[in-house]
There are 2 protein chains.
Amino acid sequence: MQNPLGPIDRKILRLLQHNGDLTAAEVAEKVELSQSPCWRRIHRMQEDGLIERKVALLNPKLLGLSMTVFVNIKLSAHGRSNLEEFEQAIVGYPEVLECYTMAGGSDYLLKVVAKDIAGYERFLRDQLLQRPHVQEAHSNIAMSEVKRTTELPLD
Amino acid sequence: MQNPLGPIDRKILRLLQHNGDLTAAEVAEKVELSQSPCWRRIHRMQEDGLIERKVALLNPKLLGLSMTVFVNIKLSAHGRSNLEEFEQAIVGYPEVLECYTMAGGSDYLLKVVAKDIAGYERFLRDQLLQRPHVQEAHSNIAMSEVKRTTELPLD
DNA sequence: TGTGAAAAGGCGCAAAC
DNA sequence: GTTTGCGCCTTTTCACA
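Model, not experiment: these values are computed from the prediction.

Visitor: Help me out: how do you make sense of the overall build of chain A in this one?
Guide: Assigned secondary structure in chain A consists of 5 helices and 5 strands. What you see for chain A is a C-alpha radius of gyration of 20 Å, clearly larger than the 15 Å of a compact globule of 155 residues, by over 25%. Here the C-alpha coordinates of chain A stretch approximately 60 × 40 × 25 Å along the principal axes. In chain A, 65% of the contacts between residues at least 6 apart in sequence involve partners at least 24 apart. In the structure as shown, chain A presents an accessible area of about 8000 Å², 48% of it carried by carbon and sulfur atoms. Distance between charge centroids for chain A: 3 Å, based on 19 positive and 21 negative side chains.

This is the structure:
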């Protein structure tokens, strides 16, 4: 892997993380390069894992997923196996989009989506709170979305 | 727009939000359909906005973005224009990936990425805290990532 | 690294059934 | 929804500066 990312590569990445449908030729045009080297750069960055994959982004509202909730979880037992078991379960829940271990007050922060309050409560009551060693779960409900992007800063 | 999403469409979406490189033919094969109707379904869902767009997902670690911070913001003045001005600024910051208005304690929740503590502090001190009417900013630092996906639940 | 060209096959898209 | 087909375009490679 060839690390120090040049300005051209940055530009390519910026384009691609905004529109994954762009072909090598289209990208080449926008970065003022010819096809081949542009294609090679893209290809290399994919192999390096810098470009992880391409995905289709869906519209949550149109799918009826109008709720986003951030949940702070605290466990009552912090043995290695307890943590691992909890984390594995989390990965398996499709309604949990993100999960981080946190410094400070709570052990985990989860980002959860649901259709509505009822749907969220069902997930909370029947799934999350049923897990062993879950001591606290503080739900913070998002009322509206100001910004949501997958584009990382490239400066 | 043709609303009640059938099980085949769901399956298509599930595939596409996992791998956006799949061609209509490949999707068709996996959902046991022939090319054309599959292509038409995908095309329709794009026009309907259900499939918003395709993007390349980059690896934050390899870009040196090893920090994720969730920031709770409280404003001191909640006039319409203050809120709008703040939100516009937020949208303009590339290091802010997500921002929601929250029910409860704080006004906004931001998800911010940075290279390291120093980089984050610079953003906090020089950008966020410099904005008018920002009263409080509580930073919650993510230590490790258990799960991170853009795939929405489709059940 | 860059440029230009070229082969081959795949893909989008539409028509007819 | 199916099968068929056309033609463009994309990807991928090579020789060369």
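Visitor: What is the right way to read the packing of aromatic side chains from this model?
Guide: Aromatic rings in a pair are described by how distant their centres are and how their planes are angled relative to each other. Going through the model one piece at a time under the given rule, you end up with 7 aromatic pairs over all chains. Geometrically, the ring pair formed by B:Phe86 and B:Tyr108 is tilted, given 4.7 Å between the ring centres and 40° between the ring planes. With a gap of 22 residues between them, B:Phe86 in helix H4 (residues 80–92) and B:Tyr108 in strand E4 (residues 108–114) connect regions that are remote in the sequence. The pair formed by B:Phe86 and B:Tyr108 is uniform in burial state, with each residue classed as buried. An aromatic cluster of three or more residues is present, and its members are A:Phe70, A:Tyr100, B:Phe70 and B:Tyr100.

Visitor: What exactly am I supposed to notice about the protein's contact with DNA strand C here?
Guide: Around DNA strand C there are 11 residues in total, and A:Ser34, A:Ser36, A:Arg41, B:Ser36 and B:Trp39 lie nearest to it. Expressed as a percentage, the sugar and phosphate content of the atoms of DNA strand C within 4 Å of the protein is 66%. In the model, a base oxygen of DNA strand C is placed 2.6 Å from a nitrogen or oxygen of the A:Ser36 side chain. The separation between a phosphate oxygen of DNA strand C and a polar side-chain atom of B:Trp39 is 3.5 Å. At the level of secondary structure, the elements contributing two or more residues to the surface near DNA strand C comprise helix H3 (35–47) of chain A together with helix H3 (35–47) of chain B. With 4 residues, the single largest contributor to the surface near DNA strand C is H3(A). A breakdown of the residues in the surface near DNA strand C according to their chemical character gives 4 nonpolar, 5 polar and 2 charged.

Visitor: When you look at the relation of the copies chain B and chain A in this model, what are you seeing that I'm missing?
Guide: Both copies of the chain are related through a single rotation about an axis accompanied by a shift along the same axis. Mapping chain B onto chain A calls for a screw motion: a turn of 180° about the axis and a shift of 0.0 Å along it, with 0.0 Å RMSD after fitting. The superposition of one copy onto the other is thereby described by a two-fold rotation axis. Using C-alpha coordinates, one finds that chain B approaches the rotation axis most closely at B:Val55, a distance of 2.9 Å. A shared interface surface links the copies, since 100% of the contact residues of chain B are contact residues in chain A too.

Visitor: Please explain the side chain of A:Gln17 as it appears in this structure.
Guide: Considering the arrangement of structural elements, one finds A:Gln17 in helix H1 (residues 7–18). A distance of 2.8 Å separates a polar atom in the side chain of A:Gln17 from the backbone oxygen of A:Leu152. When sequence neighbours within four positions are dropped, the list of residues in contact with A:Gln17 reads A:Thr150, A:Glu151, A:Leu152, A:Leu154, B:Val55, B:Ala56 and B:Leu58.

Visitor: Please explain the interface of chain B and chain A as it appears in this structure.
Guide: Accessible area lost upon the coming together of the parts serves often as the stated size of an interface. Between chain B and chain A, the residue contacts involve 62 residues of the former and 62 residues of the latter. Together, the buried faces of chain B and chain A total about 5900 Å²; carbon and sulfur atoms form 60% of this surface. For the pair chain B and chain A, the interface holds 6 salt bridges. Notably, a salt bridge pairs A:Glu52 with B:Arg148, separated by 3.9 Å at the nearest N-O pair. Taken together, chain B and chain A are joined by 37 residue pairs in polar contact (both at pLDDT 80 or more). Elements with a contribution of two residues or more to the side of chain B that touches chain A: helix H1 (7–16), strand E1 (51–58), strand E2 (67–75), H4, strand E3 (96–102), E4 and strand E5 (134–148) of chain B. At 9 residues, the largest contribution of residues to the side of chain B that touches chain A is made by E5(B).

Visitor: What is the right way to read the environment of A:Arg131 from this model?
Guide: Residues and elements named next belong to chain A. Of note, Arg131 is situated in the loop between helix H5 (117–127) and strand E5 (134–148). A sequence separation of 10 residues divides Arg131 from Ile141, and the C-alpha atoms of the two residues are 21 Å apart. Not counting residues within four places of it along the chain, the set of residues in contact with Arg131 comprises Glu85, Phe86, Ala89 and Tyr93.

Here is what the cut-offs are and how they apply
- Residues numbered from 1 in each chain as written.
- Chains lettered and ligands numbered in written order.
- Predicted model: local features only at pLDDT ≥ 70, side-chain atom pairs only at ≥ 80, totals over all residues.
- Heavy atoms only, no water.
- Helix = DSSP H or I, 4+ residues; strand = E, 2+ residues; numbered from the N terminus.
- Rg over C-alpha atoms; globule rule 2.2 N^0.38 Å.
- Contact = heavy atoms within 4.5 Å.
- Areas by Shrake-Rupley, 256 points an atom, 1.4 Å probe, with all protein chains shown as cover.
- Lys, Arg positive; Asp, Glu negative; His and termini not counted.
- Charge placed at Lys NZ, Arg CZ, Asp CG, Glu CD.
- Phe/Tyr/Trp six-rings, centres within 6.5 Å; stacked < 30°, edge-to-face > 60°.
- Buried < 20%, exposed > 50% of the residue type's maximum accessible area, 1.4 Å probe, protein only.
- Near = heavy atom within 4 Å.
- Polar contact = N/O pair within 3.5 Å; in protein donor to acceptor, adjacent residues only side chain to side chain.
- Nonpolar A, V, L, I, M, F, W, Y, C, P; charged D, E, K, R; others polar.
- Least-squares fit on C-alpha atoms with pLDDT ≥ 70 in both.
- Buried area = accessible area lost by both parts, 1.4 Å probe.
- Salt bridge = Lys/Arg side-chain N within 4 Å of Asp/Glu carboxyl O.

All quantities given are derived from atomic positions and should not be read as evidence of function.
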